[in-house]
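Chain and residue survey
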Amino acid sequence: QVQLVESGGGLVQAGGSLRLSCAASGRTFSSYVMGWFRQAPGKEREFVAGISWSRGSTYYANSVKGRFTISRDNAKNTVYLQMNSLKPEDTAVYYCAADMRALPVITTTEKGYHYWGQGTQVTVSS
């Protein structure tokens, strides 16, 4: 059973930085694609960034490109989301997601991911 546990959320001022972590367990993740999604109050969950575990290839939503960086640590089975230059509109619950793929293609839809973490709150004050 795959388990994903997010951490690192909190309250930060606009322009500040946070690093989210997603600790993955229960499988060997070399054939997995990992994603970060977020959901703001009253809005649908949206894709933020994704990474293929095997190749390390990444993909970002336009809204975070150049500000956020997704990475993984194979030894720790952990995926990170480094968030810089945060804006109030980045305020949301951030979720880590995972899916096993025959090909390391990063998808941007919720239904493309089978496993989800519980989420961590990020609040950016203006």
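Residues numbered from 1 in each chain as written. Predicted model: local features only at pLDDT ≥ 70, side-chain atom pairs only at ≥ 80, totals over all residues. Heavy atoms only, no water.

**Examining the overall build of the chain**
From N to C terminus, the chain includes 0 helices and 11 strands. Its helices and strands in sequence order give the chain the pattern β-β-β-β-β-β-β-β-β-β-β, from N to C terminus. For the chain, the C-alpha radius of gyration of 13 Å lies close to 14 Å, the compact-globule estimate for 126 residues. Considering only C-alpha atoms, the chain reaches an extent of 40 × 25 × 25 Å along its principal axes. Relative to its 126 residues, the chain shows a buried fraction of 44%. Excluding contacts between residues fewer than 6 apart, the proportion of contacts in the chain whose partners are at least 24 apart in sequence is 59%. Surface accessibility of the chain: about 6400 Å² in total, with carbon and sulfur atoms responsible for 47%. Charged side chains of the chain number 13 positive and 8 negative; the gap between the two group centres comes to 6 Å. (Helix = DSSP H or I, 4+ residues; strand = E, 2+ residues; numbered from the N terminus. Rg over C-alpha atoms; globule rule 2.2 N^0.38 Å. Buried < 20%, exposed > 50% of the residue type's maximum accessible area, 1.4 Å probe, protein only. Contact = heavy atoms within 4.5 Å. Areas by Shrake-Rupley, 256 points an atom, 1.4 Å probe, with all protein chains shown as cover. Lys, Arg positive; Asp, Glu negative; His and termini not counted. Charge placed at Lys NZ, Arg CZ, Asp CG, Glu CD.)

**Remarks on the state of the cysteines**
Throughout the structure, instances matching the rule amount to 1 disulfide. The residue that forms a disulfide with C22 is C96, at a sulfur-sulfur distance of 2.0 Å. Looking along the S-S bond of the C22-C96 disulfide, the torsion reads about -75 degrees, which is the left-handed sense. In this pair, C22 is assigned in strand β3 (residues 18-25) and C96 in strand β9 (residues 92-100), connecting sequence segments 74 residues apart. Both residues of the pair, C22 and C96, count as buried. (Disulfide = S-S within 2.5 Å.)

**Details of the nonpolar core**
Ranked by size, the top nonpolar core spans 38 residues in total, and within it L4, M34, W36, L81, M83 and Y94 carry the most contacts. Put simply, the parts of the chain that give this core at least two residues each are β3, β4 (32-39), β5 (46-52), β7 (68-73), β8 (78-83), β9 and β11 (120-125). The contact partners of M83, leaving out residues within four places of it in the chain, are G16, S17, L18, L20, R67, F68, Y94 and V122. (Core = buried A, V, L, I, M, F, W, Y, C linked by side-chain atoms within 4.5 Å.)

**Focus on the pattern of salt bridges**
For the structure shown, the criterion picks out 5 salt bridges. For E46, the salt bridge goes to R38, with nearest N and O atoms at 2.6 Å. Taken together, the shared-partner salt bridges in this structure form one network comprising R38, E46, R67 and D90. (Salt bridge = Lys/Arg side-chain N within 4 Å of Asp/Glu carboxyl O.)

**Description of the sheet that holds β3**
Overall, antiparallel pairing links the 4 strands, which are arranged β1-β3-β8-β7 in an open sheet. Each edge of the open sheet is held by one strand with a lone partner, namely β1 (3-7) and β7. Ignoring strand direction, the axes of neighbouring strands in this sheet form an average angle of 15 degrees. One ladder, built from 6 bridges, connects β3 with β8; its direction is antiparallel. In the strand pairing of β8, C22 is matched with V79. (Pairing = 2+ DSSP bridges. Axes fitted to C-alpha atoms, helices over the stretch in contact; angles between N-to-C directions.)

**Observations concerning unusual backbone geometry**
Even without glycine at this site, N77 takes up a positive phi of about 50 degrees. With respect to the element layout, N77 can be found in the loop between β7 and β8. Accessibility expressed as a relative area gives 22% for N77, which makes it partly exposed. Residue S85 is not a glycine yet carries a positive backbone phi of 50 degrees. With a relative accessible area of 40%, S85 lands in the partly exposed category.

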